Amino acid sequence: MEILDAVILGIIQGLTEFLPVSSSGHLELGKAILGSKSLPQESLLFTVILHFATALSTMVIFRKDVVEILSGLFKGITTLTWTEETKFSAKIIISMLPAVIIGYRYERVFEELFGNNILLVGCMLIVTAVLLFLADRAKRTHKKVGLLDALIIGIAQGIAMLPGISRSGATISTSVLLGIDKTKAARFSFLMVIPLIFGKIAKDVLEGQIDYTSTNFTYLSVGFIAAFISGLFACTWMIKLVKQSKLTYFAIYCVIVGIIAIIWTIFFK
């Protein structure tokens, strides 16, 4: 891997983790366009580092929320009281369940889908576009995320494992279509992924799936910094866009890229 590759991969991960355009879909498109030799398959360690960077950028943006949630959760547990923070933590846990179950049960199925399956990516990008288009036209409300809402949003997150469906796009759109306030929807969407990322990292480490041999810490550091900085920018930008109901622009983008991917697969592959 060249340093430039590490920077590009870091930026792609940082931006598309938060912007509703599907990080997995864009990485698959990049591999198809540049070729596997031009964009080599990265080690699991490098992938883990990039995800850690985006999770860390989320924690920085929502640092006050994270501190309040953790302190309130600790207080609720020690005093055996049902605080607002305890309720929110319960919703986060509920939202995680579908993704954990789907990921565990169909892990190999999803792995097989990530192999230059550009036609699938194109179709799923159009699905993402439809969700974003509908969400942008939803009425403004002040509703909070409920327990049942958390489960439904979690199911959307599990489905977003498909390459081409944006995780943030699917979860935020689902939240808004459920009538949840757009700002609260974005906040919940970004916070709910933090424990999933750290849980996946812990699972890979404990199962010994990460290869530490022949590790180049220069590339890891460069990729981490690129993903972290671009993640800070994308997360902040995305919150503003959701508030201003400007997801339609991303819907148009996803439709264009999706159609190009489908046409390319049918006529040129």
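Residues numbered from 1 in each chain as written. Predicted model: local features only at pLDDT ≥ 70, side-chain atom pairs only at ≥ 80, totals over all residues. Heavy atoms only, no water.

Another aspect to go through is the confidence of the model for the chain. Mean pLDDT for the chain: 83, with 87% of residues reaching 70 or above. Element-level pLDDT for the chain is lowest in helix 6 (residues 107-113), with a mean of 67, against a maximum mean of 94 in helix 8 (residues 147-159). (pLDDT = per-residue confidence, 0-100. Helix = DSSP H or I, 4+ residues; strand = E, 2+ residues; numbered from the N terminus.)

As a further point, take the packing of helix 5 (residues 84-105) against helix 8. Packing of helix 5 against helix 8 brings their axes to within 7 Å, and their N-to-C directions diverge by 30 degrees. By the angle between their directions, the pair helix 5 and helix 8 is classed as roughly parallel. With respect to the hand of their crossing, helix 5 and helix 8 are arranged in right-handed fashion. Of the residues in helix 8, those in contact with Lys-91, Ile-94, Ser-95, Pro-98, Ala-99 and Ile-102 of helix 5 are Leu-147, Ala-150, Leu-151, Gly-154, Ile-155, Gln-157, Gly-158 and Ile-159. Considered class by class, the residues forming the contact of helix 5 with helix 8 number 9 nonpolar, 4 polar and 1 charged. (Axes fitted to C-alpha atoms, helices over the stretch in contact; angles between N-to-C directions. Parallel < 35°, antiparallel > 145°, perpendicular 65-115°, else oblique. Left-handed = near helix turned anticlockwise from the far one by under 90°. Contact = heavy atoms within 4.5 Å. Nonpolar A, V, L, I, M, F, W, Y, C, P; charged D, E, K, R; others polar.)

Attention shifts here to the pattern of salt bridges. The tally for this structure, following the rule as stated, stands at 4 salt bridges. Between Glu-17 and Arg-167 there is a salt bridge whose closest N-O contact spans 3.8 Å. Of this pair, Glu-17 sits in helix 1 (residues 3-18) while Arg-167 sits in helix 9 (residues 167-177), placing them 150 residues apart in sequence. Classification of Glu-17 by relative accessible area gives buried; the value is 9%. (Salt bridge = Lys/Arg side-chain N within 4 Å of Asp/Glu carboxyl O. Buried < 20%, exposed > 50% of the residue type's maximum accessible area, 1.4 Å probe, protein only.)

With that out of the way, let us pick up the nonpolar core. The biggest cluster of nonpolar side chains holds 44 residues, and the ones touching the most others in it are Leu-29, Ile-92, Ile-172, Phe-188, Phe-190, Leu-191 and Met-238. Of the residues forming this core, the biggest block, 8 residues, is contributed by helix 10 (residues 182-206). The residues touching Ile-92, leaving out its near neighbours within four places in the chain, are Phe-188, Leu-191, Met-192 and Pro-195. Listed in part, the 9 residues of the second largest apolar core include Leu-9, Phe-46, Leu-50 and Ala-227. (Core = buried A, V, L, I, M, F, W, Y, C linked by side-chain atoms within 4.5 Å.)

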